[in-house]
Amino acid sequence: MAPTVLVVEDNPTNMKLAVMILEHAGYRVLRAEDAADGIALAREQTPGLVLMDIQLPGMDGLDATRILKADSSTRDIPVVALTAFAMTGEEARIRAAGCDGYIAKPIDYHLFLAEVARRLAPGGGTPQ
Ligand code: MN
């Protein structure tokens, strides 16, 4: 069965692009537009990977990641942050929240798919 990827993203354009790339590559995709829905879906469906936008309405993606990583039912799911901020300090903040990696926006098709495949591989959730 194709691996399942949960995309938590409030921007419709970014969501559409991520879903299109993932589905084209054969992944099953779950979508959430905010942190609360994302956490609920992660708990219900146990996806193989979560792609987490950092800037979300209400609870942000870093707090959502902290919650997933504090929950024994979801802590082993790799979480990759989607972030428009490539500035110094941002990566440290993302790692500190428990994210296993990040993908810079705007999304680059090949880098995006490579990171998804890498994180879904055995041991892919291990922070580096
Ligand atoms: Mn956003």
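In this report, we go over the structure that sits alongside the text. Predicted model, so just to flag it, every value in this text is computed and none were measured.

Thresholds, definitions, all that
- Residues numbered from 1 in each chain as written.
- Predicted model: local features only at pLDDT ≥ 70, side-chain atom pairs only at ≥ 80, totals over all residues.
- Heavy atoms only, no water.
- Buried < 20%, exposed > 50% of the residue type's maximum accessible area, 1.4 Å probe, protein only.
- Helix = DSSP H or I, 4+ residues; strand = E, 2+ residues; numbered from the N terminus.
- Pairing = 2+ DSSP bridges.
- Right-handed = clockwise from strand over helix to strand, strands pointing away.
- Axes fitted to C-alpha atoms, helices over the stretch in contact; angles between N-to-C directions.
- Left-handed = near helix turned anticlockwise from the far one by under 90°.
- Contact = heavy atoms within 4.5 Å.
- Nonpolar A, V, L, I, M, F, W, Y, C, P; charged D, E, K, R; others polar.
- Salt bridge = Lys/Arg side-chain N within 4 Å of Asp/Glu carboxyl O.

### Section: the pairing of strand 4 (residues 79-83)
Part 1 of the reasoning: Burial analysis of strand 4 places five of its five residues in the buried class, which makes it a mostly covered element.
Part 2 of the reasoning: Burial along strand 4 is two-sided: the face carrying V79, A81 and T83 and the face carrying V80 and L82 are both buried.
Part 3 of the reasoning: Bridge analysis of strand 3 (residues 49-53) against strand 4 gives four bridges, and the strand direction is parallel. Bridging across to strand 4, D53 finds its partner in L82.
Part 4 of the reasoning: Tracing the backbone out of strand 3, into helix 3 (residues 61-70) and back to the parallel element strand 4 gives a crossover that is right-handed.
Part 5 of the reasoning: Looking at chain direction, strand 4 and strand 5 (residues 101-104) are connected through four bridges and run parallel. Each residue of the ladder has a partner; that of A81, found in strand 5, is Y102.

### Here we look at the packing of helix 1 (residues 12-24) against helix 5 (residues 109-120)
Part 1 of the reasoning: Viewed as axis vectors pointing N to C, helix 1 and helix 5 meet at an angle of 65 degrees, and their least axial separation amounts to 11 Å. For the pair helix 1 and helix 5, the sense of crossing is right-handed. Between helix 1 and helix 5, the residues in contact are A18, I21, L22 and H24 and Y109, F112, L113 and V116, respectively.
Part 2 of the reasoning: For the contact of helix 1 with helix 5, the per-class residue count stands at seven nonpolar, one polar and no charged.

### Some remarks on the pattern of salt bridges
Part 1 of the reasoning: On inspection of all chains with the given rule, the structure shows ten salt bridges.
Part 2 of the reasoning: Linking D71 and R43 is a salt bridge whose minimum nitrogen-to-oxygen distance equals 2.8 Å. Note that D71 is positioned in the loop between helix 3 and strand 4 and R43 in helix 2 (residues 35-45), a separation of 28 residues in sequence.
Part 3 of the reasoning: With a shortest N-O distance of 3.3 Å, R93 and E90 are connected by a salt bridge. Remark: E90 and R93 occur in helix 4 (residues 90-96); sequence separation between them is three residues, near one turn of the helix.
Part 4 of the reasoning: We classify R93 as partly exposed; its relative accessible area is 42%.
Part 5 of the reasoning: A residue is classified by how much of its surface remains accessible, and E90, at 5% relative accessible area, is buried.
Part 6 of the reasoning: Sharing partners across several salt bridges, the network here consists of E9, D53 and K105.

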